[in-house]
Amino acid sequence: MISEATFDLLLAEAIHSRGLSGSDEAELQGFEVGFRLMERASQTRVLVADDHLEAIKFLCKDMWIGIFGKQIDKLQTNHRGVFVLKDYAFRWLTRHSCADEALSRARTQGLLQFSCGLLRGALANLGSQAIVTAELSLAYPACSFNIQIHTLPCNITN
Amino acid sequence: LATTPRRRVAGKKMEPLFFRVYESHAGREAYLQNLVVCSLDVVEECVAARASSGGQDMYLGLLAPIDAFRLYGYATSTQIKFIAVVDETARHDEAALRKFFVQCHDAYVTYILNPFTKLDATQITAASFRAKIDAAANAHLRPPARPPSPPTPS
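About the thresholds
- Sequence positions are assigned chain by chain, starting from 1 and proceeding in written order.
- Just so you know, chain letters begin at A and ligand numbers begin at 1, following the order they were written in.
- Only residues with pLDDT of at least 70 get local features here, since the model is predicted, and only at 80 or more are side-chain atom pairs given and counted; chain-wide, interface and lining totals rely on the full set of residues.
- Excluding hydrogens and water, the side-chain figures rest on all heavy atoms present in the structure.
- Residues with no salt bridge and a relative accessible area higher than 30% make up the patches, which join like charges within 9 Å and nonpolar side chains (Val, Leu, Ile, Met, Phe, Trp, Tyr) within 5 Å.
- Where accessible areas are quoted, they stem from the Shrake-Rupley method and a 1.4 Å probe; at the residue level, only the protein chains shown are allowed to cover.
- Within this document, salt bridges are pairs made up of a side-chain nitrogen of Lys or Arg and a carboxyl oxygen of Asp or Glu, the two lying within 4 Å of each other.
- The helix and strand labels rest on DSSP assignments: H or I over at least four residues marks a helix, E over at least two residues marks a strand, and numbering proceeds from the N terminus.
- For this analysis, residues touch if any pair of their heavy atoms sits within 4.5 Å.
- When two parts are brought into contact, each loses some accessible area as probed by a 1.4 Å sphere; the total of that loss over both is the buried area.
- Remark: exposure states derive from per-residue accessible area (1.4 Å probe, protein chains only) relative to the maximum for the residue type, with buried under 20%, exposed over 50%, and partly exposed in between.
- Working definition: rings of Phe, Tyr and Trp (its six-membered ring) pair if their centres are within 6.5 Å, and the pair is stacked with planes under 30 degrees apart, edge-to-face with planes over 60 apart, and tilted otherwise.
- On a range of 0 to 100, pLDDT expresses the predictor's confidence in each residue.
- Note on pairing: DSSP must find at least two bridges between two strands before they are called paired.
- Put simply, a nonpolar core is a bunch of buried Ala, Val, Leu, Ile, Met, Phe, Trp, Tyr and Cys residues held in one set by side-chain atoms that sit within 4.5 Å of each other.
- Multiplying 1.5 Å by the helix residue count minus one yields the expected span of that helix.

**Describing a nonpolar patch on the surface**
Here's step 1: Judged by side-chain polarity, Val33(A), Leu37(A) and Leu113(B) come together as a nonpolar surface patch covering roughly 180 Å² of accessible area.
Here's step 2: Mapped onto the elements of the fold, Leu113(B) is located in helix H2 (residues 94–113).

**Let's talk about the interface of chain A and chain B**
Here's step 1: Each side of the interface is counted separately: chain A has 20 residues, and chain B has 22 residues.
Here's step 2: Between chain A and chain B, roughly 1900 Å² of surface is buried when both sides are summed, and carbon and sulfur atoms account for 57% of that area.
Here's step 3: When the buried surface of chain A facing chain B is broken down by residue, Arg36(A), Glu39(A) and Val46(A) rank first, second and third, together holding 39% of it.
Here's step 4: Run the count over chain A and chain B and you get one salt bridge.

**Focus: the pattern of salt bridges**
Residues and elements named next belong to chain A.
Here's step 1: Counting across every chain of the model gives 10 salt bridges over all chains.
Here's step 2: Across the salt bridge formed by Lys 70 and Asp 87, the nearest N and O atoms sit 2.4 Å from each other. Placement of the pair is Lys 70 in the loop between helix H3 (52–68) and strand E1 (74–77) and Asp 87 in strand E2 (residues 82–87), with a sequence separation of 17 residues.
Here's step 3: Using a relative accessible area of 0% as the deciding quantity, one classes Asp 87 as buried.
Here's step 4: One salt-bridge network, held together by shared partners, links Lys 70, Asp 73 and Asp 87.

**Here we look at the packing of aromatic side chains**
Any pair of aromatic rings gets described here by the distance separating the centres and the angle formed by the planes.
Here's step 1: Inspection of every chain in the model, using the stated rule, returns 16 aromatic pairs over all chains.
Here's step 2: Ring geometry for Trp64(A) versus Phe145(A): centroids 5.8 Å apart, planes at 70°, classification edge-to-face. Of this pair, Trp64(A) sits in helix H3 while Phe145(A) sits in strand E4 (residues 143–149), placing them 81 residues apart in sequence. There is no split in this pair, since Trp64(A) and Phe145(A) are both buried.
Here's step 3: Centroid distance Phe90(A) to Trp92(A): 5.9 Å. Interplanar angle 65°. Geometry classified as edge-to-face. Assigned by exposure class, Phe90(A) and Trp92(A) land together as buried.
Here's step 4: One aromatic cluster is present, built from ring pairs that chain together Tyr59(B), Tyr74(B), Phe82(B), Phe100(B), Phe101(B), Tyr108(B), Tyr111(B) and Phe129(B).

**Some points on the confidence of the model for chain A**
Caution applies to low-pLDDT regions: their predicted coordinates should not be interpreted in detail.
Here's step 1: On average, residues of chain A carry a pLDDT of 82, and 89% of them reach 70 or more.
Here's step 2: Ignoring residues within four places in sequence, the model shows residues 154–158 of chain A, a span with pLDDT below 50, making eight contacts including any to other chains.

**Re the pairing of strand E3 (residues 59–66) of chain B**
All names here are of chain B.
Here's step 1: Of the pairings in the sheet, the one linking E3 to strand E4 (residues 69–75) comprises six bridges and is antiparallel in character. Note that in E4 the partner of Pro 65 across the bridge is Arg 70.
Here's step 2: With antiparallel pairing between neighbouring strands as the criterion, E3 and E4 make up a hairpin whose turn holds two residues, including Asp 67 at a positive phi of roughly 55°.

**Section: the nonpolar core**
Here's step 1: Counting residues in each nonpolar core, the largest one holds 35 residues, and the members touching the most others are Leu59(A), Trp64(A), Leu85(A), Phe90(A), Phe145(A) and Ile147(A).
Here's step 2: Counting residues in each nonpolar core, the second largest holds 26 residues, with Tyr74(B), Phe82(B), Ala84(B) and Tyr108(B) among its members.

**So, the environment of Ile147(A)**
Residue and element names in this part refer to chain A.
Here's step 1: Along the chain, the position of Ile 147 falls in strand E4.
Here's step 2: Measuring from C-alpha to C-alpha, the distance between Ile 147 and Ile 131 comes to 5.7 Å, with 16 residues separating the pair along the chain.
Here's step 3: Aside from chain neighbours lying at most four places away, what touches Ile 147 is Ile 56, Leu 59, Gly 81, Val 82, Phe 83, Leu 85, Leu 119, Leu 123, Ala 130, Ile 131 and Val 132.

**Structural notes on helix H2 (residues 25–41) of chain A**
Here's step 1: Taking 1.5 Å of rise per residue, 17 residues should cover 24 Å, and H2(A) covers 24 Å from first to last C-alpha, within 8% of that figure.
Here's step 2: Its buried side turned inward, H2(A) meets H3 and helix H5 (109–125) of chain A together with H2 of chain B.

This is the structure:
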């Protein structure tokens, strides 16, 4: 079995030490990981291509449990392609603590970008093109992801 | 009875990612490719029907009998399609075909999970993928021909 704590620390260090915060690379790497993970995650489950709500629900439950060991705490939608996912104890943030809140936000940018890319990649593999952003407006280590689905049909996968 | 299974994996844009012909039909790739392209419409219909009926089966069953062949399909949640073209003289029961497709799907997932493969590749050229598809075809789409050869001494 893999030591989860070790993996979390390794991932944070990998993103941080490559100086990826603030560049697009973290997001692109997350995209690849999410895309590939979705192939495995959806192997035994039929998901319809244009049903964005089902895709997001699958992400919130099965995939979130698979990656972070828990479900998303709150899912909101305006039923017009915008979804907000709130995780009150985002696994990758729980190990970061810093007296200066602004500093801790700056340091975790790369990790959040990676997470956004992860979600974007997972959705892309199901056929949903989306823009994903993360916010730390809630009490640390809570985090909310804002997902906006493109409703125009397009065939690009990246 | 010789079975001549032929496999094709179609990507998201309906392009063929992988194409494999077995046995005596090796010289008819272009013709067999055409058969598969013709069947893609049927695949789309099956997927749409599955979506509206809420079906949970990736195996699509017999798509169409064309000429001397029968085409079977399987579509994943990630818009990857597998199509098998089989001699009509070979009788395969559904269970064998399902097992075949599930193994092919597994091979594809393993291929994608490899971080060295490109996500936007137009062809799957990995030898291990080809070997897995061959093994699946041998296991499920061929009748047992002769007893297995004795293991070579190591």
